[in-house]
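Chains, contacts and geometry: an overview
Given next are the chains, with one letter for each unit.
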Amino acid sequence: MKADNQVLIDSKAFALRIIRLYKYLKEDKQVYVLSKQVLRSGTSIGANIRESVNAQSRMDFVNKLNIALKEANETEYWLELLHESDVIDDKQFESIYNDCGKIAATLTKIIKTTKTEAKD
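This write-up is about the structure you can find in this document.

About the criteria used
- Residues numbered from 1 in each chain as written.
- Predicted model: local features only at pLDDT ≥ 70, side-chain atom pairs only at ≥ 80, totals over all residues.
- Heavy atoms only, no water.
- Helix = DSSP H or I, 4+ residues; strand = E, 2+ residues; numbered from the N terminus.
- Rg over C-alpha atoms; globule rule 2.2 N^0.38 Å.
- Buried < 20%, exposed > 50% of the residue type's maximum accessible area, 1.4 Å probe, protein only.
- Contact = heavy atoms within 4.5 Å.
- Areas by Shrake-Rupley, 256 points an atom, 1.4 Å probe, with all protein chains shown as cover.
- Lys, Arg positive; Asp, Glu negative; His and termini not counted.
- Charge placed at Lys NZ, Arg CZ, Asp CG, Glu CD.
- Expected span 1.5 Å × (residues − 1).
- Axes fitted to C-alpha atoms, helices over the stretch in contact; angles between N-to-C directions.
- Parallel < 35°, antiparallel > 145°, perpendicular 65-115°, else oblique.
- Left-handed = near helix turned anticlockwise from the far one by under 90°.
- Nonpolar A, V, L, I, M, F, W, Y, C, P; charged D, E, K, R; others polar.
- Salt bridge = Lys/Arg side-chain N within 4 Å of Asp/Glu carboxyl O.

Here we look at the overall build of the protein chain
- For the protein chain, the count of helices and strands is four helices and zero strands.
- From first element to last, N terminus to C terminus, the protein chain shows the α and β order α-α-α-α.
- Relative to the 2.2 N^0.38 estimate, which gives 14 Å for 120 residues, the radius of gyration of the protein chain is 15 Å and therefore close to what a compact globule would have.
- Within the protein chain, buried positions represent 38% of all 120 residues.
- For the protein chain, the share of sequence-separated contacts (at least 6 apart) that also reach a separation of at least 24 residues comes to 72%.
- As presented, the protein chain carries roughly 7,300 Å² of accessible surface, and 51% of it is formed by carbon and sulfur atoms.
- The distance from the centre of the 19 positive side-chain charges to the centre of the 18 negative ones in the protein chain is 6 Å.

Take a look at the structure:
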C-alpha cells in the first residue's frame, strides 16, 4: 500500500471528523463515555491502516487491515447508539456513518484481493 493510497487518505480524514465529533459530544452534549468509545475506535481505523503500510509479510498486512475493519465495525456500532439515543441527528449520523461504511467496504475488498493473490 502506497503512502498516497486513497484508503489512507480517507481513514485520516475520517479520524479528524471523529475527533471533531468527540469535541462536540464532550463540550456541547456532555456525553463522556460514548464520546471516548467512538474516539478510540474511530481513530484506531486509520492507525491500523497506517501500520499495515510497513507490514512484515502479506499475512501481517492482512491482519492489520482486519483489525482496522473490526475497529470500523465497532465505530459503526457507537455511531448507531449515538443516533438511536438522539444524541446526534439524522444528518450528522448519515454523513459520518456512510464514510465509515465506505472505509469498511474498501478494507474488505483489499483483504479479499490480498488473500486471493496469496493463493495464486
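Here we look at helix H3 (residues 58–84)
- Taking 1.5 Å as the rise per residue, H3 with 27 residues should run 39 Å; its terminal C-alpha atoms sit 39 Å apart, in good agreement.
- Of the residues flanking the end of H3, it is aspartate 86, one or two places downstream, whose phi is positive at about 65 degrees.

Some remarks on the packing of helix H1 (residues 6–27) against helix H4 (residues 90–119)
- In the contact formed by H1 and H4, the axes pass within 11 Å of each other and the chain directions differ by 150 degrees. Between H1 and H4, the angle is such that the two are roughly antiparallel. Along this stretch, H1 crosses H4, giving a crossing that reads as left-handed. Facing Val7, Asp10, Ser11, Phe14, Arg17, Ile18, Leu21 and Tyr24 of H1, the residues of H4 in contact are Gln92, Ser95, Ile96, Asp99, Cys100, Ile103, Thr106, Leu107 and Ile110.
- Among the residues forming the contact of H1 with H4, the class breakdown is 10 nonpolar, four polar and three charged.

Quick notes on the pattern of salt bridges
- Taken as a whole, this structure holds five salt bridges when the rule is applied.
- Within this structure, Arg40, Glu71 and Glu74 form a network of salt bridges that share partners.

Details of the environment of alanine 118
- In this fold, alanine 118 is placed in helix H4.
- As for alanine 118 and glutamine 30, which are separated by 88 residues in sequence, their C-alpha atoms are 48 Å apart.

A few points about the side chain of lysine 64
- Structurally, the position occupied by lysine 64 is in helix H3.
- Relative accessible area serves as the criterion here: at 18%, lysine 64 is assigned to the buried category.
- Excluding residues that lie within four positions of it along the chain, lysine 64 makes contacts with Asn48, Glu51 and Ser52.

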